[in-house]
2 protein chains.
Amino acid sequence: MSTIVNRRDLDFLMYETHKLEQLLETDRYGDYDRESIEAILDLSQSLAEDIFQPFAGHLDQNEPKYVDGKVEIIPEVKEALSAYKEAGLFASGYDYDMGGMQLPWVVHQVLSSMFVTANTSVSNYIFLTQGATNMLNTCGSDELKAKYMPNMVAGDWYGTMCLSEPQAGSSLADIRTKAEPQEDGSYKITGTKMWISGGDHEMTDNIVHMVLAKIPGGPAGVKGISLFLVPKHRVNDDGTIGESNNIALAGLNHKMGHKGTTNCLLNFGESGDTIGYLVGGENQGLANMFHMMNEARIAVGMAATVIGLGGYLYSLDYARNRPQGRHLTNKDPESPMVMISEHADVKRMLMTQKAFVEGAQSLMLYSARLLDQQATAQTEEEKTHATLLLELLTPICKSWPSEFCLEANKLAIQVLGGYGYTREYPVERYYRDNRLNHIHEGTHAVHGLDIMGRKVRMADGAALKALSKEITATIGEASAYADLSSYCQDLGEAMQSVQSTLESVSTAKDPSLALANATIFLDAMGHVVIAWMWLKQAVAATKGQEEGKASDAAFYRGKLSACRFFFRYELPKALSKFDLVASLDDTCFNLEAEDFIGH
Amino acid sequence: MSTIVNRRDLDFLMYETHKLEQLLETDRYGDYDRESIEAILDLSQSLAEDIFQPFAGHLDQNEPKYVDGKVEIIPEVKEALSAYKEAGLFASGYDYDMGGMQLPWVVHQVLSSMFVTANTSVSNYIFLTQGATNMLNTCGSDELKAKYMPNMVAGDWYGTMCLSEPQAGSSLADIRTKAEPQEDGSYKITGTKMWISGGDHEMTDNIVHMVLAKIPGGPAGVKGISLFLVPKHRVNDDGTIGESNNIALAGLNHKMGHKGTTNCLLNFGESGDTIGYLVGGENQGLANMFHMMNEARIAVGMAATVIGLGGYLYSLDYARNRPQGRHLTNKDPESPMVMISEHADVKRMLMTQKAFVEGAQSLMLYSARLLDQQATAQTEEEKTHATLLLELLTPICKSWPSEFCLEANKLAIQVLGGYGYTREYPVERYYRDNRLNHIHEGTHAVHGLDIMGRKVRMADGAALKALSKEITATIGEASAYADLSSYCQDLGEAMQSVQSTLESVSTAKDPSLALANATIFLDAMGHVVIAWMWLKQAVAATKGQEEGKASDAAFYRGKLSACRFFFRYELPKALSKFDLVASLDDTCFNLEAEDFIGH
């Protein structure tokens with residue numbers, strides 16, 4: 001079996017659950033049908049399994065090195081990225097007008113995620129390049145686009161995002177990188193950027209950094225941030241590579257995971273002029289950066305999900321082939337051992353992984369589809385509805401898999417026992433890689449504040465109403481099936497808990513106290529959304545049982561079991577979290593720094 | 001501040017909470033008083049901080065290597081272990097009659113745990129040697145003891161435990177290592193042992209392996225297992241080192257954590273005779289191994305706890321010194337940044353760590369004290385009571401910190417953000433090191449089966465009654481304080497949930513189904529026990545507020561906040577788990593292997 005993807009499940013999610021075929025009837029995506037998409041996914045799966053997956057462990061153990069101011073990376077990385085480029089897959093993330101394939105975002109996500117599971121560290125270079133290119137396309141001037149985009153779209157030049165600085169991680173208001181206007185309209189960039197993935201290497205002719213910086217004299221805080229395109233090498237008017245743009249690699253960060261991706265501390269303008277070019281308007285940097293934020297955050301959630309998937313599939317395969325022990329009631333030590341997938345607790349650990357990973361994957365596809373709906377909406381109302389849902393769901397997309405698919409990775413190690421704890425098996429690498437996803441693209445806490453402080457209230461609660469409407473529709477559909485009725489009731493009650501919790505919290509006199517347990521709310525609300533995703537899948541699986549192939553019987557049975565598992569084992573956890581949040585508990589909020597250890 | 005130990009908290013736990021002074025009045029421990037114990041802990045702390053802690057990160061990044069059939073380890077490891085030996089600390093784990101210090105086990109645990117936090121990988125060699133020595137002392141013949149023990153007690157020779165084999169991890173019934181009786185009373189050992197920590201190295205003149213093997217013709221399964229002492233080098237009658245005992249190092253395992261401890265695959269009797277000596281009776285191997293099981297399992301729980309402590313203290317220190325962002329209600333970006341310990345979610349993450357780590361530490365000291373009570377009991381009744389409590393609490397001691405102090409380590413990384421994810425800071429190493437503790441000394445699932453299948457039922461439920469009695473006594477004491485009354489009620493109700501859950505489960509017709517969710521019961525029951533530990537601490541803190549020093553005000557306030565946190569944020573999670581276990585849910589139990597992905 002493949003250990004990076006379950007194509008049967010992808011088909012189930014794309015078509016039976018989320019009705020991708022409806023999207024394929026739109027003008028925008030009309031060039032694709034189920035068959036052509038299958039061919040693209042076949043190609044991607046082969047490339048991911050044959051070229052990316054085999055050296056993922058080797059790369060993890062042989063991370064990029066800093067030698068004489070340059071980065072050395074094992075050659076397999078460039079070879080894999082070249083194969084990706086040769087296959088034309090860089091184009092999967094772009095529209096026709098950029099020279100891309102204009103795939104539905106759902107399909108782009110699914111395709112990309114196979115490479116994430118196969119070799120996360122290598123996939124990062126692709127993801128960052130596509131993100132920078134799309135940002136440039138959305139916000140940049142025609143001149144900048146003409147000069148830089150073709151090489152980026154082709155995968156000849158790579159891109160990065162340069163936001164954080166050593167003294168300012170989550171607090172972008174405090175960045176110090178400076179952009180001084182020059183007479184020719186360009187800017188001199190000076191400052192230090194931290195945590196820059198793909199920030200330097202020798203694999204491409206150029207690297208295009210999208211850099212947040214402040215123009216002197218502008219407003220304080222985030223309102224004074226602008227976005228700049230800053231190339232590693234300057235580009236001549238004829239498009240050829242010019243002289244160095246003086247971005248010094250000050251050092252590499254050595255991470256617990258994602259070890260194959262260079263992660264850099266970069267100094268701009270220290271050893272000579274570093275020239276940057278304004279992207280979008282002055283002081284519009286944050287807004288421009290946020291243009292691509294939903295896409296980027298869903299992609300991070302998707303990465304967290306499919307790293308969880310890698311552990312799930314690997315541990316499932318292992319459990320079905322590793323004999324050890326006997327059934328509890330069998331006291332005969334001379335009887336043959338059973339596969340460990342026969343043991344109740346191993347089943348529980350596999351089912352937990354399945355419920356988390358496939359639940360999250362459903363949400364990722366649903367949300368990617370909302371991006372497609374934004375792009376294909378026939379009416380303003382339809383577009384607004386998709387946008388509201390996206391705004392509300394994005395913090396959950398980013399955060400829920402980061403928490404719970406990491407938990408899945410923990411369990412994958414446990415299924416393998418001592419072997420799982422060694423670097424000879426991939427599951428510990430998945431666990432290390434996935435731990436990053438709580439931290440980047442907005443920390444877990446930042447998303448808690450985002451959903452509870454902004455998203456549930458936005459437009460007079462319109463986003464939450466939009467979600468309620470969708471959930472109610474699913475409950476309506478599920479009510480037709482007697483076996484699903486208890487889930488309908490549980491999900492309805494859970495949504496009422498969301499509402500009543502928010503009402504309780506709104507009575508807080510201190511707005512900071514109201515948000516003190518926002519992270520807990522985020523996790524709990526995520527559980528409600530994933531329960532909804534499982535109910536959607538249960539409806540599809542029930543229909544599949546009635547109408548589908550006999551050979552799919554085990555598949556649909558598994559889906560219905562996972563739904564049952566999530567509602568019985570997981571959803572109750574959310575309810576006790578809502579009670580806590582609603583109580584406006586101030587235990588942590590009131591702590592003084594010296595209370596922790598007494599001084 | 002120290003980042004390996006909070007001595008104020010240790011004093012609180014040892015004396016104010018668990019009344020160590022009562023133990024010091026017994027004959028067995030009468031040579032010690034609070035002052036002399038403080039001096040021993042001072043010495044240990046200095047050694048741990050000055051010699052062990054500084055190279056922990058370096059060791060993690062420079063793990064032992066297999067070169068020409070031998071193990072190469074960075075020299076700092078042997079230097080640190082020599083310093084430990086020179087300080088006489090190997091003797092901390094032994095009684096006077098073995099040439100040891102006969103410290104209360106509580107103190108031995110506390111002392112040892114500082115070295116675990118400082119440098120887990122190095123501390124493993126000490127722990128394993130002390131365990132093997134105590135096992136030999138308990139079960140070995142006078143002749144064997146005379147020949148091997150003095151060098152082991154002195155720390156000149158090290159020890160290991162050789163249980164697992166490649167095909168038999170948790171399933172000891174299936175080990176294949178063979179011990180064939182020789183005419184001289186010794187045995188020829190042949191077979192392969194896996195996961196042997198400290199299994200080979202060149203740091204000592206000899207390594208004494210305690211090996212489980214089967215004597216041909218014996219009973220099948222675990223009833224045919226015997227215990228053997230198998231030295232790396234044979235020992236001449238005059239005590240000098242003789243020829244090689246032909247134990248071949250077949251390879252090193254490369255783990256995610258504990259990277260500084262050699263972990264070996266060993267072949268016995270492959271390249272020449274490997275001679276072993278029976279320890280205890282034939283076919284009594286498992287019983288003999290289990291003699292030291294409570295001690296070993298509590299020590300693993302303690303290790304999980306203090307690895308959690310290391311992350312907690314480091315992230316607390318970081319949070320109190322790292323400026324970033326502003327209070328939510330402060331919209332002025334030009335105002336100074338605050339320390340991140342001011343942010344509500346950072347407080348929550350620090351408090352979660354505190355509640356988990358200090359709650360677990362209280363349980364470890366309580367349980368170590370029960371071992372001391374076994375050794376000092378004046379009556380059979382007193383001894384039986386301590387034994388029953390120990391039997392019931394040991395699976396929780398081993399498992400609860402493995403789960404929840406790992407969670408603490410996850411949060412420590414989060415407090416440091418991107419920095420926490422790099423190997424330049426110790427918190428990611430703690431997270432990697434701690435992940436092992438779910439797996440060794442009985443997996444999480446094994447302890448679930450142990451507590452639910454055996455311990456709660458043993459002696460007609462006498463162990464559970466003993467625990468109820470103790471908890472009721474604490475509730476009685478706490479009831480005197482109005483501020484603690486809600487916790488008394490919550491804890492009483494939680495204990496009733498334990499009882500009613502077990503009653504519900506006992507109605508199951510299939511005994512395997514009754515145990516299908518045993519791991520969930522284990523976690524939930526652990527929460528009840530830790531809540532009890534917090535109530536005990538709250539009583540002590542309340543008394544401290546009334547009688548103690550004014551300078552301890554913040555310390556006691558923090559303890560009471562942590563108690564409140566645990567009861568409000570954590571204990572409710574256990575209750576929904578009990579509901580699930582009581583329902584005898586068979587969702588996972590009934591799964592077939594093909595249900596997971598449909599084939």
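Residues numbered from 1 in each chain as written. Chains lettered and ligands numbered in written order. Predicted model: local features only at pLDDT ≥ 70, side-chain atom pairs only at ≥ 80, totals over all residues. Heavy atoms only, no water.

J.: Would you take a moment to explain the pattern of salt bridges for this structure?
T.: Any two side chains of opposite charge can pair if their charged atoms end up close together. Going through the model one piece at a time under the given rule, you end up with 62 salt bridges over all chains. Between Asp595(A) and Arg557(B) there is a salt bridge, with its nearest N and O atoms 2.7 Å apart. Of the two residues, Asp595(A) sits in the segment after α19 (553-582) while Arg557(B) sits in helix α19 (residues 553-582), which places them in two different chains. Assessed through its relative accessible area of 3%, Asp595(A) is described here as buried. If you follow the salt bridges from partner to partner, you end up with Asp9(A), Lys354(A), Glu358(A) and Lys559(A) in one network. (Salt bridge = Lys/Arg side-chain N within 4 Å of Asp/Glu carboxyl O. Helix = DSSP H or I, 4+ residues; strand = E, 2+ residues; numbered from the N terminus. Buried < 20%, exposed > 50% of the residue type's maximum accessible area, 1.4 Å probe, protein only.)

J.: Can you help me understand the interface of chain B and chain A in this one?
T.: A common way to state how big an interface is: give the accessible area lost once the parts meet. Every contact between the two is made by 104 residues of chain B and, on the other side, 103 residues of chain A. When the two sides are added together, the surface that chain B and chain A hide from each other amounts to roughly 8900 Å², 57% of it contributed by carbon and sulfur. Three residues, Tyr421(B), Phe596(B) and Ile597(B), lead the burial of chain B against chain A; their summed loss comes to 10% of the area buried on that side. At the boundary of chain B with chain A, the tally comes to 14 salt bridges. With a shortest N-O distance of 2.6 Å, Asp174(A) and Arg326(B) are connected by a salt bridge. The interface formed by chain B and chain A contains 61 residue pairs in polar contact (both at pLDDT 80 or more). Among the elements that make up the side of chain B that touches chain A, the one with the highest residue count is α19(B) (12 residues). For the side of chain B that touches chain A, the per-class residue count stands at 43 nonpolar, 31 polar and 30 charged. (Contact = heavy atoms within 4.5 Å. Buried area = accessible area lost by both parts, 1.4 Å probe. Polar contact = N/O pair within 3.5 Å; in protein donor to acceptor, adjacent residues only side chain to side chain. Nonpolar A, V, L, I, M, F, W, Y, C, P; charged D, E, K, R; others polar.)

J.: Could you clarify how one ought to interpret the side chain of Asp174(A) in this entry?
T.: Its place among the elements puts Asp174(A) in the loop between β3 (158-162) and β4 (178-181). With relative accessibility at 12%, the residue Asp174(A) sits in the buried group. Asp174(A) has contacts with Gln167(A), Ala168(A), Gly325(B), Arg326(B), Pro333(B) and Met337(B), leaving out every residue within four places of it along the chain.

J.: Quick question: what am I supposed to make of the packing of aromatic side chains here?
T.: Pairs of aromatic rings are described using the distance from one ring centre to the other and the angle between the two planes. All names here are of chain A. If you walk through the whole model with that rule in mind, you get 47 aromatic pairs over all chains. Site record: aromatic cluster; members linked through ring pairs are Phe52, Tyr84, Phe90, Phe115, Tyr125 and Tyr158. For arginine 34, the ring lying beneath its charged end belongs to tyrosine 15, and the centroid distance is 4.0 Å. One Lys or Arg, arginine 429, reaches over the ring of tyrosine 430 and ends 5.5 Å from the middle of that ring. (Phe/Tyr/Trp six-rings, centres within 6.5 Å; stacked < 30°, edge-to-face > 60°. Lys NZ or Arg CZ within 6 Å of the ring centre and 35° of its normal.)

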